[in-house]
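# Coordinates in review
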Amino acid sequence: MEPLMPQMMRAVNFAAVKHKMQRRKDMEETPYINHPIGVAYILTEEGDITDPVVIKAALLHDTIEDTDTSLEEIKKNFGEKVAAVVAEVTDDKSKPSAQRKQAQIDHAPYASHEAKLVKLADKLYNLRDLKRTTPTDWSEERVQQYFVWASKVVHGLRGTNKMLEQKLDELFQARNVKV
Ligand code: NDP
Ligand code: ZN
């Protein structure tokens, strides 16, 4: 079995190469890679998660959805387990946005434990990002709608990680969003 450090660095590097042209939606145009690294960091630092499958899946979680990466490529480089989790957290981009948003709410309770962890950390990162600065062209109403939608997804992820759920609840409560 290959040591853990090169395994992890391969995942970080793969994500960095794949997301290299992308930026977040904030006004500063933060490099996109800050997001998957930050999601993995939330899991280790705040969620106390050390499962390499979960951390690799967090690093890779937006590669299929947002870059030219295929599921086969993830399988070949990181194995079946990581690929399965990445597939679970990937939205079907062929569907209209409203359907994709509803699908996240509907599918959340049936996700694997590993995928639920990645989703919780992903939502926590994105909500903190929205709290930090409003994306270009977003109204306050749209930000609030995102919090409401995220709370519905998180509802289906509950019972997975107390610490992450607590931090999400604090963000929802600060916005008067029902938890
Ligand atoms: P989203 O609303 O899905 O954008 C949010 C996603 O963008 C996040 O989940 C995150 O995904 C990513 N992201 C990138 N940068 C940031 C950041 N700085 N902060 C937070 N998230 C960030 O975008 P769409 O363009 O797909 O919007 C579609 C939806 O928005 C529709 O359902 C529509 O109803 C709604 N809408 C509402 C409007 C309104 O005024 N109320 C106007 C227009 C659309 P990831 O984790 O993958 O990076
Ligand atoms: Zn994400």
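Residues numbered from 1 in each chain as written. Chains lettered and ligands numbered in written order. Predicted model: local features only at pLDDT ≥ 70, side-chain atom pairs only at ≥ 80, totals over all residues. Heavy atoms only, no water.

In the nomenclature of an unreviewed UniProt entry, the protein corresponds to Guanosine-3',5'-bis(diphosphate) 3'-pyrophosphohydrolase MESH1 from the organism Ridgeia piscesae. As its UniProt record puts it under Function (unreviewed entry), the protein is described as follows: "ppGpp hydrolyzing enzyme involved in starvation response." (UniProt positions renumbered as here; feature names shortened; annotations may be inferred.)

Further remarks concern the UniProt feature "domain: HD" (unreviewed entry) in the protein. Within this numbering scheme, the UniProt entry marks residues 32-127 as carrying the feature "domain: HD" (unreviewed entry). Each end of residues 32-127 is marked by a C-alpha atom, and these two atoms are 15 Å apart; helix forms 72% of the span and strand 0%. (Helix = DSSP H or I, 4+ residues; strand = E, 2+ residues; numbered from the N terminus.)

Contacts to ligand 1 come from 19 residues, most closely from Arg24, Lys25, Tyr32, Lys101 and Tyr146. One nitrogen or oxygen atom from the side chain of asparagine 126 is found 2.9 Å from an oxygen atom belonging to ligand 1. Coverage of ligand 1 by the protein amounts to 70% of the 920 Å² it exposes when considered alone. With respect to the detected pockets, ligand 1 is housed in the largest pocket. It is helix α7 (residues 113-132) that contributes the most residues to the shell around ligand 1, four residues altogether. Classifying every residue of the shell around ligand 1 gives four nonpolar, five polar and 10 charged. (Near = heavy atom within 4 Å. Polar contact = N/O pair within 3.5 Å; in protein donor to acceptor, adjacent residues only side chain to side chain. Areas by Shrake-Rupley, 256 points an atom, 1.4 Å probe, with all protein chains shown as cover. 1 Å grid on protein atoms, 1.4 Å probe; cavity = no way out; pocket = protein on both sides within 12 Å on 5 of 7 lines; lining within 4 Å. Sits in = over half its atoms within 2 Å of the grid points. Nonpolar A, V, L, I, M, F, W, Y, C, P; charged D, E, K, R; others polar.)

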